[in-house]
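If you want the building blocks of each chain, they are given just below.
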Amino acid sequence: MSQQGYVAAPPYSQAQPGMGGYQGGFGPGTTQPLYGHYGGPPQAFNAPPTGMMKSTAAGLPPPPVSSHYSQNVHNGDHPQRYAAPPAASAAYGQPPQSSYNSMIPQAPPTAQQVTNQMSAMNLGNYAPRPMHPPTSTVPQQHFQAPPPPAMGQPQMPPSPQSPQMPPQMSPPQSPPASMPMAGPPMPGSPIAGQPMAGPPMAGPPMAGQQMAGPPMAGQQMAGPPMAGQQMAGPPMAGMGRPFPGPPPPGAGGFQQPAPGAAGPTGYPQQPGQFGGQHMAGPQPGMPGAFPSGPGAMAGPPQKKLDPDSIPSITQVIEDDKVKQGGQVFTTNIRGQVPPLVTTDFTVQDQGNASPRFIRCTTYSLPCTADLAKQCQVPLAAIIKPFANLPKNETSLYVVNHGETGPIRCNRCKAYMCPFMQFIDGGRRYQCGFCNCVNEVPVFYFQHLDHMGRRVDFYERPELSLGSYECLATLDYCKNNKAPNPPAYIFMIDVSYNNIKSGLVKLICDELKTLLEKLPREEGAESSAIKVGFVTYNKVLHFYNVKSALAQPQMMVVSDTAEMFVPLLDGFLVNYQDSKAVIYNLLDQIPDMFADTNESETVFAPVIQAGVEALKAAECSGKLFIFQSSMPTAEAPGKLKNRDDKKLINTDKEKTLFQPQKGVYEQLVKDCVASGCCVDLFLFPSQYVDLATMANVPCHTGGSVYKYNNFQVETDGEHFLRDLRKDIQKNIGFDAIMRVRTSTGFRATEFFGGIYMNNTTDIEMAAVDCDKAVTVEFKHDDALSEETGAMMQCALLYTTISGQRRLRIHNLSLNCSSQLLDLYKSCETDSLINFFAKSAYRAILNQPIKNVREILINQTAHMLACYRKNCASPSAASQLILPDAMKVFPVYMNSLMKTAPLVGNTELSTDDRAHQRLSVTAMGVEDTQLLLYPRLIPLHNMDVGSEALPAPVRCSEERLTDAGMFLLENGHSLFLWLGQACSPDLIQSIFNLPSLAHLQGNMAALPELDNPLSKKVQSIISGLLEKRPNSMKLQIVRQRDKPEILFRQFLVEDKGLYAGASYMDFLCYVHREIRQLLT
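Just so you know, these numbers come straight off a predicted model, no measurement behind them.

Rules behind the numbers
Residues numbered from 1 in each chain as written. Predicted model: local features only at pLDDT ≥ 70, side-chain atom pairs only at ≥ 80, totals over all residues. Heavy atoms only, no water. Pairing = 2+ DSSP bridges. Helix = DSSP H or I, 4+ residues; strand = E, 2+ residues; numbered from the N terminus. Axes fitted to C-alpha atoms, helices over the stretch in contact; angles between N-to-C directions. Buried < 20%, exposed > 50% of the residue type's maximum accessible area, 1.4 Å probe, protein only. Polar contact = N/O pair within 3.5 Å; in protein donor to acceptor, adjacent residues only side chain to side chain. Contact = heavy atoms within 4.5 Å. UniProt positions renumbered as here; feature names shortened; annotations may be inferred.

Trainee: Would you mind showing me how to read the sheet that holds strand 9 (residues 428–430) here?
Mentor: Strand-to-strand pairing in sheets goes through backbone hydrogen bonds, with the strands running parallel or antiparallel. In spatial order, the strands read 8-9-10; together these three strands make up an open sheet with antiparallel pairing. The sheet is open, and its two borders are formed by strand 8 (421–423) and strand 10 (437–439), each paired with just one other strand. Within the sheet, the average angular offset between the axes of one strand and its neighbour, ignoring direction, is 30°. Bridge count for strand 8 against strand 9 is three bridges, and the pairing is antiparallel. From the neighbouring strand, Phe422 faces strand 9, where its bridge partner is Tyr429.

Trainee: Whenever I open this one, the side chain of Ser830 confuses me. Can you help?
Mentor: Take Ser830: it is sitting in helix 15 (residues 828–842). Its relative accessible area of 0% is what places Ser830 among the buried residues. A polar contact of 2.3 Å, which involves the side chain of Ser830, links it to the side chain of Glu827. Those residues in contact with Ser830, other than ones at most four positions away along the chain, are Arg359, Cys360, Thr361, Ile382 and Val924.

Trainee: I'm lost on the UniProt feature "domain: Zinc finger Sec23/Sec24-type" (unreviewed entry) in the protein chain in this one. Help?
Mentor: Residues annotated by UniProt as "domain: Zinc finger Sec23/Sec24-type" (unreviewed entry) correspond here to residues 406–444. Taken as a whole, residues 406–444 contains 0% helix and 23% strand, while its terminal C-alpha atoms sit 11 Å from one another.

Trainee: Looking at this structure, I do not really get the sheet that holds strand 31 (residues 1032–1037). What am I missing?
Mentor: Pairing is mixed across the open sheet formed by four strands, whose spatial order is 28-29-30-31. Two strands close off the open sheet at either side, each with one partner strand: strand 28 (934–937) and strand 31. The sheet shows a mean angle of 20° between the axes of neighbouring strands, direction not considered. Bridge analysis of strand 30 (residues 972–977) against strand 31 gives six bridges, and the strand direction is parallel. Across the sheet, residue Leu975 finds its bridge partner in strand 31, namely Ile1035.

In structure tokens:
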């Protein structure tokens, strides 16, 4: 069973050194490839016609040989950088001084030539090709599980149409001299049985025929560009110079190394999956690369590669909306791939959890650990146990089994679910996870019907639904005692900065209305949540707001080293009962501290006070801390400035992301043990060591919000939107989660806003509707295709009314011994969520450049494995991507350009740490949007239509001088105005005669009475409503200075600080894939 994935045609095929496995350039013959499965004597190849010899071979100095990669990378010379990237190799995408720079030959290719390499990448063709056995794809078998065939045996019976022998196999075979060898050598006809799919790509390029398309200008050979030419690393934005000057010397415009430009020296053979012994020895008679007929030399100038021909995320999203938008997704089929997160659909639970609760990186697990290792696709689930459900979907049913509590398997403790099989007339059931046979409790007995199902199957949610809730008994409560309703404590920094900026008054005014909207159970008249108030600078002030008092009372604790709560009764109260006293207090606080000059604050004691208060009240809860600066006052948890830009791009850079040890570590433990979640609102004007301050929030299921250089006029509304959302969120407290799996695989790694005391229990002081936990699975045995793989996520938590409950989510996946099934049922959005979280964790322990290298290697590896085992045979010059992963390189390139993974001294350390920590708890839809923002054209939309205008690709090429575009990524929101915007457009949106009249610091659009203004307002408010975080609208004009900020979100273009454009990255990954396949 073979499937053609997403295909890109040559001239990717143009000579990427080391890509096709052929020698690039002159100089010594190539060595055999690293992966020496086929061994055998070195081959002789016919020399190309003499007339073809490049003039550059003699008389030119060799280009500088880079210390990390040589320009003259031969097929086998490129060190296999997979298992352990050599520490020296430069990270992909660094600023100019990086070592990648040295890899650019003296005369780099012009942009036109890079383009030529990719032109004719006919990527539009995904028609499944005729079926060939999967092994026939690329003859070399170095990364296939079955052993390679006997030396020298072709993989398929050779037939005139498809000689499948690779050049390295013996017996020696001399292909005709005039033939390009961009794949298995071919005579003039296409691969057996393969229809010509239109001019490009109907098989590898034919002999003198120059890539099934007109010969290209700079192209000079039907084969890959010479060694020395193609960047050995992706081009960087930071490189600075547009490729200068006329094309370099040499027939096709590519400079070639002189004889003797050797490959990299001093690399030990890398062990690892593709190790194999290094076959030394030159290949006689092969002085040049890719011989080709003289016809390849001339030709009309090549058109610029059309970016529309490479896979587009906006197109993939649009196609999925057309295919599955507005439909009902029923969860009754095992291993069903759900619609994308960007598609609106309705879920009907029929035995598996909704994709809103659990999404997977693939819905078909490989049967064995070997297969998993071979493809390197991570097996993971992203679980959002508290996800919000749309109004048209039923909320979870609550099951009550009374005194006995939930029904569970005796051996593995899994909860009753649709995967349990009732037997023996209904008296016993077999567990779907561990296969243990259990007795059915007498009260739970029910007869079976003729199909072996219980008669009450549809009446019991736990038997028929993938997700349900169950009331927990006292055995599931702390100290076997029913919990109290949770409490919210508001802790306001009243130091000089916050008073002066007007923030304290803003918070106090807002709380008066916001406390009316505390979350409450469905049907309850008011919220059961208690509230308390603390203000602080160097000391802490607690307030007694008992309903019996006429005036609130303040108590001060100045000994911050031994924190205690000075009052029990009257600190945490019911808002409705004490409303008058609380109003009084909120009016007084801004005045009480109006004349303060205290600028120092404490921080750890504030959290400690909150924990102590919750302990004393015997309840769980949440602290809302509003802090403006680094805690520098003498007290536990005092911090000092450790922001050192000299550490950027060194092995010590990781220390900038590591929290300070000691007090804060202990606080995390205390908070989790007490069910105390911390939400931190930061208003810094300089470095605050966010990596440390955010440590407690990020391990207790809390959130960190950051407003740099806060000003009430421009940022006030933005902050209040965040506060309102945060307080009103659907949330559970004092939670503990366990993920159980059926035999054969288990959960091994966990990423999220969580704390883990052991290897299985995921503890969260609180879990809300936006927080997700990403769980990685590993095999511990073989899985069976018949039974599939099951997982159950059980979350024990306290509701906002103080009830202890279990929330159970079940999901069943397919298992397959065919890698093709795994690739077909992959989900790119989930994969990139996993990669983002694991990379962001990895930078705590290793240099960023190593992490980047591993990301590229794994990307190339996943795609090369597909190419090798699942795609139909085709020229090595073609880039073939699995349909379900065809936009994966866009996301991966975007991830590598995010602030945490870019070593640049201009980026704020706090901002980098903030992004690293906030991604840790994100769900799939949030990481998808963060890594590929939506760019929405507003200037030509239909004002009458309800629908949002279709987003366009995130690239400067999509902007128009007369256009107006909205860009959002869930955290930032920009309105971009082209400099040729029509005055009518400006008038109807801003009520100004022209763009020149626009002031820079508008925080919101004026509300005007015209259709366009109303439509734009409704689009923006719709987005703000939908996203977990508020976004501050920033208005930027084309070519104004602030536009730089906007441009870094155009993720298909070159990065602002470092990082390749999508097109260059795709070229680079393709080169790496070919390297792996040779």
